[in-house]
Amino acid sequence: MIVLSSSTIAAISTAQGAGGIGVIRISGDKALTVADRVFKGVNGRSLSEYKGYTAGFGHIYDENERIDEAVALVFRAPHSYTGEDVVELSCHGGVYITKQVLRAVFSAGAVPAEAGEFTKRAFLNGKLDLTEAEAVMNIISAQSRSAARAALSCKEGGLSKKTDEICSALIDTSAHISAWVDFPEEDVPELENGRLISDFNSARAALNALISDYDAGKAVTQGIDTLIVGKPNVGKSTLMNLLSGCERSIVTDIPGTTRDIIEETVNIGNVILRLSDTAGLRETDNIVEKIGVERTRKRLEECGLIIAVFDGSKPLDREDMELLELVGGTPAVAVVNKSDKEQLADVETIRKYIPSLIEISAKNGEGLTLLAENVEKICETQNFNPSAPLIANERQLFRIKTARSAIDECISAIEEGFGLDAVAVALNDAIDSLLELTGKNAADTVIDTVFETFCVGK
Ligand code: GDP
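Residues numbered from 1 in each chain as written. Predicted model: local features only at pLDDT ≥ 70, side-chain atom pairs only at ≥ 80, totals over all residues. Heavy atoms only, no water.

1. Things to note about the site of the ligand
Where we set the bar: The near set for a molecule or strand comprises every residue that places at least one heavy atom within 4 Å of it. Pairs of N or O atoms are called polar contacts if they sit within 3.5 Å, as long as, within protein, a hydrogen donor faces a hydrogen acceptor (for residues adjacent in sequence, only side-chain-to-side-chain pairs). To be clear on the numbers: accessible area is Shrake-Rupley with a 1.4 Å probe, and residue cover counts the displayed protein chains and nothing else. Each residue gets one label: Ala, Val, Leu, Ile, Met, Phe, Trp, Tyr, Cys and Pro are nonpolar, Asp, Glu, Lys and Arg are charged, and the others, such as Gly, are polar.
Lining the immediate surroundings of the ligand are 15 residues, of which Asn233, Lys236, Ser237, Thr238 and Asp340 lie closest. Measuring from a nitrogen atom of the ligand, one finds a side-chain N or O atom of Asn337 at 3.0 Å. Relative to its unbound accessible surface of 570 Å², the ligand loses 75% to contact with the protein. Considering only residue class, the shell around the ligand consists of three nonpolar, six polar and six charged.

Have a look at this one:
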């Protein structure tokens, strides 16, 4: 049983840094009382007299010292983000001033919000389900238009609507089985094995569709770990600069999230390439000599995508062949560069190792569209629809795969002639897993894990 703390919490909800506006959010039973202790409106009215969805202009005080001007926005329970009384104080942005205001709010009786606590309260108060709450984090950390659109669609319940649909069909079947088994004397319609198997197969197909879109969705929303490799002077840095020129974002660790520290990401087509290790490989002369064959092989194996660069104006040599031998089963695009010069490289040999091959001139900025098309094809994102229901993280994937295994058990139980009791047990496991997905009966630990990954103030 989850016990909702009745304390009134506060945190800075905007990014920490110099900015026009900084917002301090206060939520809980005493939000208005706390805000009244620090905010004095120019109209002389206290915020406790305000209706929901109204704003007032005034000043923030710490004890008797006036520390800033602010606009106070009042939300009345349950019509707020958290479902509780909320006051948002918009003061001047800036690290010092927002912290001063927050300190004043704490002195007035609020306690610091834990990571993700506003969103957790919204979930506990039924304003969001678990997948929608997770989507809030993905909207905040989105690095491309497609990623933001996918997260917004999830926030609006895209995934939970789809899984609820699958789940309610399974609940109907489960109820039918219970009725048939437990009340044989009643006039319950008979359950035919063929009908049951067909129902389970449709649930399985729907879950499979979600699972198979996951990798493509991940390439679009979270990015794919990519290595740009090739011997010296083939044009890796030139290609990197070309890619960076499109859209470059330096991403640092976002406190409170589980993301790795990544050096930089670039968007190509609708895919995000996470170039986590490029510096090392770009600057090294011969990567194989420098870090050894086994380590190179391991790095190439572990990444999600290899962009292998060759100099088209020269015949392939030993180093090029070494690289081709190392590519192995990792998805790869061969970039034969310097197409503006006379071509001497044997592209058919490269193609034998890496079927996805393009010829470009990085120096002249030619070939990016081709590269984008090939990357999208390899990541299977050409037809990616960010508005379709999409699994957003490993937790959700695990729940959906667990449900699918349980449905497989239902099908085997019927095929192998076990009784309906056995089918019912496996079926209930599938239902439980889908309910956990949206948090409808998730254990406290699952909920805590989800919310611990949030930024404080969100
Ligand atoms: P890296 O060592 O693989 O990073 O190679 P660089 O990007 O530093 O490029 C090596 C040399 O090749 C530089 O002089 C580049 O200007 C040149 N280069 C790169 N791309 C092209 C291209 O598409 N065409 C031509 N003609 N030269 C290029």
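2. Examining the environment of Asn385
Filter applied, for reference: A run of H or I in DSSP counts as a helix once it spans at least four residues, and a run of E counts as a strand once it spans at least two, with each numbered from the N terminus. Burial here depends on accessible area, computed with a 1.4 Å probe over protein chains only, as a share of the maximum for the residue type. Under 20% is buried, over 50% is exposed, and the range in between is partly exposed.
Relative to the assigned elements, Asn385 resides in the loop between helix H14 (368-378) and helix H15 (394-415). Take Asn385: its relative accessible area is 40%, and that puts it in the partly exposed class. The spacing of Asn385 and Ala150 is 235 residues in sequence and 8.1 Å in space, taken between C-alpha atoms.

3. A short note on the pattern of salt bridges
The test is simple: A pair is scored as a salt bridge if a Lys or Arg side-chain nitrogen falls within 4 Å of a carboxyl oxygen belonging to Asp or Glu.
Taken as a whole, this structure holds 18 salt bridges when the rule is applied. Close ionic contact of Glu49 with Arg45 constitutes a salt bridge, the shortest N to O distance being 3.7 Å. Measuring nitrogen to oxygen at the nearest pair gives 3.0 Å for the salt bridge that ties Lys298 to Glu302. With Lys298 and Glu302 both in helix H11 (residues 293-302) and four residues apart, the pair spans about one turn of that helix. Put simply, Glu84, Glu117 and Arg121 are held in one network by salt bridges that share partners.

4. Description of the nonpolar core
How we decide: Here, nonpolar core means buried Ala, Val, Leu, Ile, Met, Phe, Trp, Tyr and Cys residues that are tied together by side-chain atoms lying within 4.5 Å of each other. Should any heavy atoms of two residues lie within 4.5 Å, those residues are considered in contact.
One finds Ile166, Leu170, Ile177, Phe200, Ile391, Ile407 and Val423 to be the most contacted residues of the largest nonpolar core, which totals 37 residues. Contributions of two or more residues to this core are made by helix H6 (158-182), helix H7 (193-221), H15 and helix H16 (420-438). Ranked by the residues each element gives to this core, the list is headed by H16, at ten residues. Leaving out residues up to four positions away in the same chain, Phe200 has contacts with Leu170, Thr173, Ile407, Cys410, Ile411, Ile414, Val423 and Leu427. Membership of the second largest hydrophobic core comes to 26 residues, among which are Ile26, Ala31, Val34 and Ile67.

5. Remarks on the packing of aromatic side chains
Put simply, the rule reads: Pairing of aromatic rings covers Phe, Tyr and the six-membered ring of Trp, with a centre-to-centre limit of 6.5 Å; geometry is then stacked below 30 degrees between planes, edge-to-face above 60, and tilted otherwise. Throughout this description, the term charge over a ring refers to an Arg CZ or Lys NZ atom that lies within 6 Å of the ring centre and within 35 degrees of the ring normal.
In the structure shown here, the tally under the stated rule is one aromatic pair. Judged by centre distance (6.1 Å) and plane angle (90°), the ring pair of Tyr53 and Phe75 falls under edge-to-face. Residue Tyr53 is found in the loop between strand E3 (39-41) and strand E4 (54-62), and its partner Phe75 is found in strand E5 (residues 65-75); the two are separated by 22 residues along the sequence. Look at Phe75 and you get buried, because its relative accessible area is 18%. The ring of Phe118 has Arg25 lying over it, and the distance from NZ or CZ to the ring centre is 5.0 Å. Taking the ring centre of Tyr50 as reference, the NZ or CZ of Arg45 above it sits at 4.6 Å.

6. A few points about unusual backbone geometry
A cis amide bond, omega 0°, links Ala77 with the succeeding residue Pro78. Counting through the fold element by element, Pro78 comes out in the loop between E5 and strand E6 (86-92). Here the phi dihedral of Glu63 falls at roughly 55°; this positive angle occurs in a residue that is not glycine. Secondary-structure assignment places Glu63 in the loop between E4 and E5. Non-glycine residue Lys338 carries a positive phi angle of around 70°. Looking at the element boundaries, Lys338 is found in the loop between strand E13 (332-337) and helix H13 (347-353).

7. Observations concerning helix H4 (residues 130-141)
Basically, it comes down to this: Expected span of a helix: the number of residues minus one, times 1.5 Å.
Spanning twelve residues, H4 covers 17 Å between terminal C-alpha atoms, matching the ideal 16 Å at 1.5 Å per step. Counting buried positions along H4 gives nine out of twelve residues, so the element sits mostly inside the fold. Listed in full, the buried residues belonging to H4 are Leu130, Thr131, Glu132, Ala133, Glu134, Ala135, Val136, Met137 and Ser141.

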